[in-house]
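Each chain, written out:
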Amino acid sequence: MAEKRWEYGQVYVPHPDMFGGMPKSGLDLTRINKAGQEGWQLVGVSPFTTSQGEVKGAFYIFKRAME
């Protein structure tokens, strides 16, 4: 039996705009949902943070089996 091979991808989702300490809107998960529909599995999330510690968004890391 051949060893399963994986391909990896990432989607960047920006942090929602804030107003008075609360998000003005939720995260835009359109691209995340599309990745799931295409067979990608979420394997990790990594925040994108400036050198001052401000979180600007997050990278969502996906994998799927190669055919």
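All of these numbers come straight from a predicted model, not from anything done at the bench.

Novice: Account for the overall build of the protein, naming residues and giving values.
Specialist: When helices and strands are counted, the protein shows one helix and five strands. Mapped from its N terminus to its C terminus, the protein presents α and β elements in the order β-β-β-α-β-β. Expressed as a percentage of the 67 residues in the protein, the buried residues total 16%. The long-range share in the protein, meaning contacts at least 24 apart out of those at least 6 apart in sequence, stands at 52%.

Novice: Describe the pairing of strand S4 (residues 41–49), with residues and values.
Specialist: Two strands pair when backbone bridges link them, and S4 and strand S5 (residues 55–65) are joined in this way by eight bridges, in the antiparallel orientation. The residue bridging Gln-41 from the neighbouring strand is Lys-63, located in S5.

Novice: Break down the sheet that holds S4 for me, citing the residues and quoting the values.
Specialist: Ordered by their spatial adjacency, three strands build an open sheet running S1-S5-S4, and the pairing between neighbours is antiparallel. The open sheet is flanked by strand S1 (6–14) and S4, the only strands paired with a single partner. Taken over all neighbouring pairs, the strand axes of this sheet differ in orientation by 20 degrees on average, direction set aside. Judged from the nine bridges that link them, S1 and S5 form a sheet pairing that is antiparallel. For Tyr-12, the partnering residue across the bridge sits in S5 and is Phe-59. Its contacts with the sheet place helix H1 (residues 30–37) against S1 and S5, and it is angled at close to 160 degrees to S1.

About the criteria used
Residues numbered from 1 in each chain as written. Predicted model: local features only at pLDDT ≥ 70, side-chain atom pairs only at ≥ 80, totals over all residues. Heavy atoms only, no water. Helix = DSSP H or I, 4+ residues; strand = E, 2+ residues; numbered from the N terminus. Buried < 20%, exposed > 50% of the residue type's maximum accessible area, 1.4 Å probe, protein only. Contact = heavy atoms within 4.5 Å. Pairing = 2+ DSSP bridges. Axes fitted to C-alpha atoms, helices over the stretch in contact; angles between N-to-C directions.

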